[in-house]
Amino acid sequence: MSSNQGLSPIAQSSGPSDGLFRKPRDPSMAPRHYRTARSLPDVCPKEPTGEGRALCDGPSVVADQHRWTVYNSKVNLPAALNDPRLAKRESDFFTKTWGLDFTETDVMPSFYLPNISREHFSSYLQETAQREKIHERCKNICPSKDDLSVPTITNNHDKARAELEQVPKIFMKPEFVLNDPATFNAVLPWSHFSVAGGKNSRDVASSRLLQEKLSHYLDVVEVSIARQISLRSEAFFHAMSSQHELQDRLRETADAVAKLRARTAAIDRVMCRGPLRALRDALTHNNCIKLHNKLKLMAAVHQTQPTVQLLLSTSEFVGALELITTTKEVLQQELQGIHSFRHLGSQLCEMERLIDKMMVADFSTYAQSDLSRPFEEDSQVLEKVTEQPAASGKDRLQSLVFGLLRQRKLDFLDIYSEEMVRAAKNVVRQCVVKSVSQISEIDADAVKFHEQMRLMTFHQWFDLLLDIFEHFILFLKRIKATLSAIRNVVLEVLDSSQRSRLADVSSATNHSDGRTNEDEEEEDSGGGEAELAYLTHEGLFISDALNEAEQRSNAAAHAQTRAQTRTDACGSDSASATTESSSSREHNSNTTSSLPIGGAAAIEDVMPSDLELGRVANNAQELLYTASDVSHDRCIKVLMTRAKDGSLERLSSSEFVCLSQAVESFVSDTEELCGRRSVSLRGALQSQAYRFVQRFHEERKTKLSLLLDNERWKQAEVPAEFQDLVDSIADGRVTLPDRKPTGSKDRKPSDFLFVDGQKYAVVGTVLLLIRMFLEYCQCVNDIPSITTDILTRLADLLKHFNSRSCQLVLGAGALQVVGLKTITTRNLALASRCLQLVVHYIPVIRAHFETRLQPKQYSILRHFGHITKDYNDHIAEISAKLVAIMDSMFEKALSKYEVKAPMPSACLRNVCKQMAKMHEAIHELLPEEQTQILFLKINAGFKLHLKRQLARLGVINDGGPQYGLVMVDVAFYSENVQALRSLERLDLNMPEIWEQKR
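All of these numbers come straight from a predicted model, not from anything done at the bench.

**Brief notes about the overall build of the chain**
Along the backbone of the chain there are 30 helices and two strands. A buried classification covers 37% of the 998 residues belonging to the chain. Here the chain displays about 58,200 Å² of accessible surface, and carbon together with sulfur accounts for 54% of that area.

**Thoughts on the pattern of salt bridges**
Applying the stated criterion across every chain yields a total of 18 salt bridges. Among the salt bridges present, the one from Arg 682 reaches Glu 671, with a minimum N-O distance of 2.4 Å. Of this pair, Arg 682 sits in helix 21 (residues 680–710) while Glu 671 sits in helix 20 (residues 653–674), and the two are eleven residues apart along the sequence. Judged by relative accessible area, Arg 682 falls into the buried class, the value being 17%.

**Quick notes on a nonpolar patch on the surface**
Together, Ile 116, Phe 121, Tyr 124 and Leu 125 give the surface a local cluster of nonpolar side chains, amounting to about 380 Å² of exposed area. In this structure, Leu 125 sits in helix 3 (residues 122–141).

**Considerations on the nonpolar core**
Counting 199 residues, the largest nonpolar core has Leu 405, Trp 461, Phe 475, Leu 659, Phe 849 and Tyr 973 as its most contacted members. The next biggest cluster of nonpolar side chains, apart from the first, holds six residues, and it includes Leu 164, Tyr 217, Val 220 and Val 221.

**Structural notes on the packing of aromatic side chains**
In the structure shown here, the tally under the stated rule is 15 aromatic pairs. Here the aromatic rings of Phe 472 and Phe 475 are separated by 6.0 Å at their centres, their planes lie at 80°, and the arrangement is edge-to-face. With Phe 472 and Phe 475 both in helix 14 (residues 458–535) and three residues apart, the pair spans about one turn of that helix. Given a relative accessible area of 0%, Phe 472 falls into the buried group. By relative accessible area, Phe 475 is classed as buried at 2%.

**Remarks on the packing of helix 21 against helix 23 (residues 764–782)**
One can describe the packing of helix 21 onto helix 23 by two numbers: an axis separation of 10 Å at closest approach and a directional angle of 175°. Classed by the angle they form, the pair helix 21 and helix 23 counts as roughly antiparallel. Judged by residue contacts, Phe 692, Phe 696, His 697, Arg 700, Lys 703, Leu 704, Leu 707 and Leu 708 of helix 21 engage Thr 765, Leu 768, Leu 769, Met 772, Glu 775, Tyr 776 and Cys 779 from helix 23. A class-by-class count of the residues in the contact of helix 21 with helix 23 yields ten nonpolar, two polar and three charged.

**A short note on unusual backbone geometry**
What is expected of a backbone is that most residues other than glycine have negative phi and most peptide bonds are trans. Between Ala 901 and Pro 902 the backbone carries a cis peptide bond, its omega angle lying at 0°. Among the structural elements, Pro 902 can be located in the loop between helix 27 (862–894) and helix 28 (906–922). A cis geometry characterises the amide bond from Met 903 onward to Pro 904, with omega recorded as -5°. Residue Trp 713 is not a glycine yet carries a positive backbone phi of 55°. Counting through the fold element by element, Trp 713 comes out in the loop between helix 21 and helix 22 (720–730). Judged by its relative accessible area of 2%, Trp 713 is buried. Of note in the backbone geometry, Ser 982 takes a positive phi value of approximately 70° without being a glycine. Of note, Ser 982 is situated in the segment after helix 30 (961–978).

**Comments concerning a negative patch on the surface**
Together, Glu 717, Asp 751, Glu 920 and Glu 924 line one region of the surface with negative charge. Examined against the element boundaries, Glu 924 turns out to sit in the loop between helix 28 and helix 29 (928–953). A relative accessible area of 39% means that Glu 924 is categorised as partly exposed.

**Describing the state of the cysteines**
Tallying each qualifying case throughout the model produces zero disulfides. There is no disulfide at Cys 635, and the cysteine sulfur nearest it, in Cys 431, is 9.4 Å away. Assessed through its relative accessible area of 0%, Cys 635 is described here as buried.

**Some details on helix 30**
The end-to-end C-alpha distance of helix 30 is 26 Å, a good match for the 26 Å that 18 residues give at a rise of 1.5 Å each. Every buried residue of helix 30 is accounted for by Val 966, Asp 969, Val 970, Tyr 973, Ser 974 and Val 977. Around the axis of helix 30, the buried residues are gathered within 140° of arc, so they sit on the same side. Facing away from the buried surface of helix 30 by more than 90 degrees, the exposed residues are Pro 961 and Glu 975.

**Details of the confidence of the model for the chain**
On average, the chain scores 75 in pLDDT, and the residues at 70 or more come to 73%. The model gives residues 1–56 a pLDDT under 50, and that stretch makes 118 contacts with residues more than four places away or in other chains. Predicted confidence is poor over residues 384–393, with pLDDT under 50, and the contacts of this stretch with residues over four places away or in other chains come to 17 contacts.

**Some points on the environment of Asp 958**
Looking at the secondary structure, you find Asp 958 in the loop between helix 29 and helix 30. Among the polar contacts made by the side chain of Asp 958, one reaches the main-chain amide nitrogen of Gly 960 at a distance of 3.0 Å.

**A short note on the side chain of Ser 974**
With respect to the helices and strands, Ser 974 occurs in helix 30. Ignoring any residue separated from it by four or fewer positions in sequence, one finds Ser 974 in contact with Leu 988 and Met 990.

**A look at the packing of helix 19 (residues 610–643) against helix 20**
Interhelical geometry of helix 19 versus helix 20 gives an angle of 170° and a closest axis separation of 10 Å. When the axis of helix 19 is compared with that of helix 20, the two are roughly antiparallel. When the axes of helix 19 and helix 20 are compared, the crossing they make is right-handed. On the side of helix 19, the interface is formed by Gln 621, Leu 624, Tyr 625, Ser 628, His 632, Cys 635 and Leu 639, while helix 20 contributes Leu 659, Phe 666, Val 667, Thr 670, Leu 673 and Cys 674. The residue inventory of the contact of helix 19 with helix 20, partitioned by class, reads nine nonpolar, four polar and no charged.

About the criteria used
- Along each chain, residues carry numbers from 1 onward, in the same order as the chain's sequence is written.
- For this predicted model, a pLDDT threshold of at least 70 governs which residues receive local features, and a threshold of 80 or more governs which side-chain atom pairs are given and counted, while totals over whole chains, interfaces and linings are taken from all residues.
- As a rule here, side-chain values cover all heavy atoms of the structure and leave hydrogens and water aside.
- Numbering of helices and strands runs from the N terminus; a helix is a DSSP stretch of H or I covering at least four residues, while a strand is a stretch of E covering at least two.
- For the exposure calls, accessible area comes from a 1.4 Å probe over protein chains only, and a residue counts as buried if that area is under 20% of its type's maximum, exposed if over 50%, partly exposed in between.
- Surface accessibility in these figures is a Shrake-Rupley result with a 1.4 Å probe; residues are shielded only by whichever protein chains are displayed.
- Between Lys or Arg on one side and Asp or Glu on the other, a salt bridge is scored when a side-chain nitrogen of the former is within 4 Å of a carboxyl oxygen of the latter.
- In this scheme, patches are assembled from residues that exceed 30% relative accessible area and form no salt bridge. Like charges are connected within 9 Å, while nonpolar side chains (Val, Leu, Ile, Met, Phe, Trp, Tyr) are connected within 5 Å.
- As used in this record, nonpolar core signifies buried Ala, Val, Leu, Ile, Met, Phe, Trp, Tyr and Cys residues forming a set joined through side-chain atoms within 4.5 Å.
- Stacked, tilted and edge-to-face are the three classes assigned to paired rings of Phe, Tyr and Trp, where Trp is represented by its six-membered ring and a pair needs centres within 6.5 Å; plane angles under 30 degrees give stacked, over 60 edge-to-face, the rest tilted.
- Simply put, an axis is a line fit to the C-alpha atoms, just over the touching stretch for a helix, and the angle between two N-to-C directions goes from 0 to 180 degrees.
- When describing relative orientation, an angle under 35 degrees is termed roughly parallel and one over 145 degrees roughly antiparallel, while 65 to 115 degrees is termed roughly perpendicular and anything else oblique.
- Residue contacts follow a heavy-atom distance rule, with two residues in contact if any of their heavy atoms lie within 4.5 Å.
- Classification used: nonpolar for Ala, Val, Leu, Ile, Met, Phe, Trp, Tyr, Cys and Pro, charged for Asp, Glu, Lys and Arg, polar for all others including Gly.
- Charged residues are defined here as Lys and Arg on the positive side and Asp and Glu on the negative side; His and the ends of the chain fall outside this count.
- The location of each charge is read from NZ of Lys, CZ of Arg, CG of Asp or CD of Glu.
- Two cysteine sulfur atoms make up a disulfide if the distance between them is within 2.5 Å.
- The span expected for a helix works out to 1.5 Å for each residue beyond the first.
- It is the directions from the helix axis to the C-beta atoms whose arc is reported.
- As a per-residue measure, pLDDT tells how confident the predictor is, with possible values from 0 to 100.
- For this analysis, a polar contact is any N or O atom pair within 3.5 Å, provided that within protein one partner can donate a hydrogen and the other can accept it, and provided that sequence-adjacent residues contribute only side-chain to side-chain pairs.
- Note: crossing handedness is left-handed where the near helix turns anticlockwise from the far helix by less than a right angle, and right-handed where it turns clockwise.

Structure follows, in structure tokens:
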């Protein structure tokens, strides 16, 4: 409580939005609309300040005497804002917080803040102009506190404050309560009175003094209150008049409400009770129908477990899973909270887990039965798994796969893969057991499994391998048929999912097009429904009716989102009211004979995604590739088991060709069946082929070495079969004949081998060499994968023949190896002719291999160029050797030549005799062209040595007697040489024996 004597009766407002006290004026002077718009003034203004100009904003003496306020602050603000660190005073104080480096810059005006001008306040000034005029009039009528003298106000305020300060502060506390003993003792200090029980004069005086003091305090407070009331008397009278007016208006309002309630009761009695009773009866009927349908649904749910067990007894896993899913949806959406079904959900989940295990076990059993059944059965897909009629045929597999997909058991192909590997091992074992049982020489009990295959002959083992190949082809066909059925199921589910998604998009589009018409119909019927809801006072049945009307109009939208709603409801314990109503309406149209199956939409919810289905389909295709690889791996083990002791390396060419063709045929069949190229079995065969080629080459190289070491270098007869072989090569068949031509034994062998119109005198080794390189070419035809290896080995064989024949003939190795007395010119000519025959066939061999090589492998053909050069060099060396033989004879004979009678001289007779022997030795072996070239070289040597001897003897071309004798010998020489066969037209050019005159 505080005294404020200098306050004006009107509260000053701090803004135009505060309420204004408008003092009533003469009705003839003030407009009428100002009278009703009056507002109540603040009857408890704040204390005035000591300045006497505005209301005091200081703390309350009573409420804030112990609370710290800004008036308790003793900090000088300019001193707080000055920075003592600065050398001089700055124009601002931001450096204290922002640092010494702060510099004031011009701030750019913001682009987002508009420029405010007086026009922005024009509307506000127009609204407050009238109120401002009223305020000015009130100021003129009522004297303002500013009109009072400042000293008077100050004195009154100080006097009132001094009087109030006489009152103890305990009376001013908000928590002043006399019930508190401490407060009571502080106000009435009984310690000043005697406790003896008697009253003395001192106690009476003290009590009178205390009573007077309290009376004085009361007078001070009452005077202060009276002063405050006097200052606000006009506001009090105004409040009382406003209260009477408010009571009159409330009385009128109460009368109007009573009349309205009476009229409403009459309307309710006359117009509403009957229709509402009819509406309640209709809703009760509908609720009874819903209850009846709910009971029928409960009866159907009660039969779920027996029905599931019946379906499981016939292995109808998909139907059982769909029934369980639908029942769980019904429990969560339609029958939520029913006590009798509180354990049914967990039981259904347990049954679903049991069905998962049963399907996995059933699929494993199916895989075992499918892959282990006898191969004599023609059907590729297992026709019967168990004795039950429902568990047979391709539909059985499709049902299992569909159920596993529905339960997201996407790893079921791993089960099939494991069974496939196990079955592949059994295929080999069964074939071996079957073959061993037919061979009496092998005791299956005493010999290990791998040793049994090694004890077989090649033909027995080859028949076993063919049987294994045949069984694996059937094995892969069965796997392909089964995986195709699985893949078809996956693709059908994927296609169904995509078609359903497209249908949902189409239905959503159609629904959005028809939504406008439905909204218009709802607006037409909405007015009546709202009126009914307003009239009723029992909102339960009316709300249900309106909900049903709204749900019927939105049936299309609910049908579209029903599948998603069911999926969300399966994961929660309670369903929404909209879902419950939708499910109830759905079951109103269903019979109680069976539960609704989820259909395509429900299947979509539980099926894997498109990405997962695509991955399963790809895994099925990859599993077929894996089956092909597993089959090849098992066949590789059969090959390696046989090859462990080197049996395959010791095969003949025909046997290995048969093996290679069988393996190639099996690999081609599996590639065509599975659609992917496999290299593992080809690689194993390639490694064996490499060993076979190495042994094949070593055998022929050794055989060729033995033939050359035993060759006496005499002309051999050519059997008719070799001539036929050469003729077939000329016809383009660079291969060995399948069988010997009929009648070849009756034909006599010839002395020469005729090749492309030329005759070749050959030794027996060359005939066998021709057959050898044809065997190499035949091997390439039969085993194309070893072309490069065979080519390098054949090049090595040809090089070996060239080098060894050079050692034996030119190097005279045959003298020690075979025991020849000497290497004759006939031996040399025969060796040359054999080398020429090999050179003739090198381009044929090269062309044959070139057709079998890849373009990137053509570089290996350079070996044939090197071999051809080596052979031609060898032939040239033999020719030079023949010339050297005659040259040495000329040198020895002509060194004793003398120009004297009788003529022709004995020396020239001896030379012509040796020339005739030379011609006789080679003219049948070498062609005429080579013979002529050879004798031209021999004649050049003869002329050189004769020219030297004549120069030594001093015989010149002077037409003298000696010249005449020499010409007689030269004529004799020329006649004898030209008399030789095929040398008749040989130009000897004998004048070259004479020195040219200078």
